[in-house]
Structures are given as C-alpha cells and as structure tokens.
Amino acid sequence: EDEYAYLAQQYQGYQMVLDRFSGTREPPHSAKKMYDDLLATAADLASAAEGHARASDWATALSEMQQAVTQCERAMRLIGIGY
C-alpha cells in the first residue's frame, strides 16, 4: 500500500511536469502520435490502478501504477525532459 502511494505521487508529479512543459516542448513531428499514445496509456493505467487500490488489490494496483510511471518517463524523454 505504501509503495503504491509513493508511485501514485510520482505519477502525479510527472503529470505536473508534463502539464508545465506541454506548450513549450513538443515531441518531434514523427514522434507526436507515440507521445500522445504514451500519455493516454499512462492515464488509463493510472485510472485502473486507482480502482484496484480502492478495492485493496495492491499487487495489481502497484503493477499498473509502475507501468503508468514508465509510460510518463518515456513521454518525458520524447520532449527532452530528463529526470
């Protein structure tokens, strides 16, 4: 449960960074669809993880949130943000 909470906060932090730089940093034209897909997948995974966390299915929630964070990290790299 604690590890899930940590990853959920990390995901929210990444979302704040992506929101902050979304207008000033764009992915290369050839990577725009990939960027959009990464963010959409991350959002879907985070939403699913939240549902599993509410149901106390911590193993599934943790796995999904880890995947959501990974998708955000990939999107950040596409627009040149290091972490």
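A few points on the structure. (Residues numbered from 1 in each chain as written. Predicted model: local features only at pLDDT ≥ 70, side-chain atom pairs only at ≥ 80, totals over all residues. Heavy atoms only, no water.)

Brief notes about the packing of helix H2 (residues 32-54) against helix H3 (residues 58-78)
Then step 1. Following both chains from N to C, one finds H2 and H3 inclined at 160°, their axes separated by 8 Å at the closest point. Looking at the two axes, H2 sits roughly antiparallel to H3. Crossing angle aside, the handedness with which H2 passes H3 is left-handed. The residues of H3 that touch H2, namely those facing Met34, Tyr35, Leu38, Leu39, Thr41, Ala42, Leu45, Ala46, Ala48, Ala49, His52 and Ala53, are Trp58, Thr60, Ala61, Glu64, Met65, Gln67, Ala68, Gln71, Cys72, Arg74, Ala75 and Leu78.
Then step 2. Within the contact of H2 with H3, the residues separate by chemical class into 17 nonpolar, five polar and two charged. (Axes fitted to C-alpha atoms, helices over the stretch in contact; angles between N-to-C directions. Helix = DSSP H or I, 4+ residues; strand = E, 2+ residues; numbered from the N terminus. Parallel < 35°, antiparallel > 145°, perpendicular 65-115°, else oblique. Left-handed = near helix turned anticlockwise from the far one by under 90°. Contact = heavy atoms within 4.5 Å. Nonpolar A, V, L, I, M, F, W, Y, C, P; charged D, E, K, R; others polar.)

By themselves, these observations are geometric and do not establish any function.
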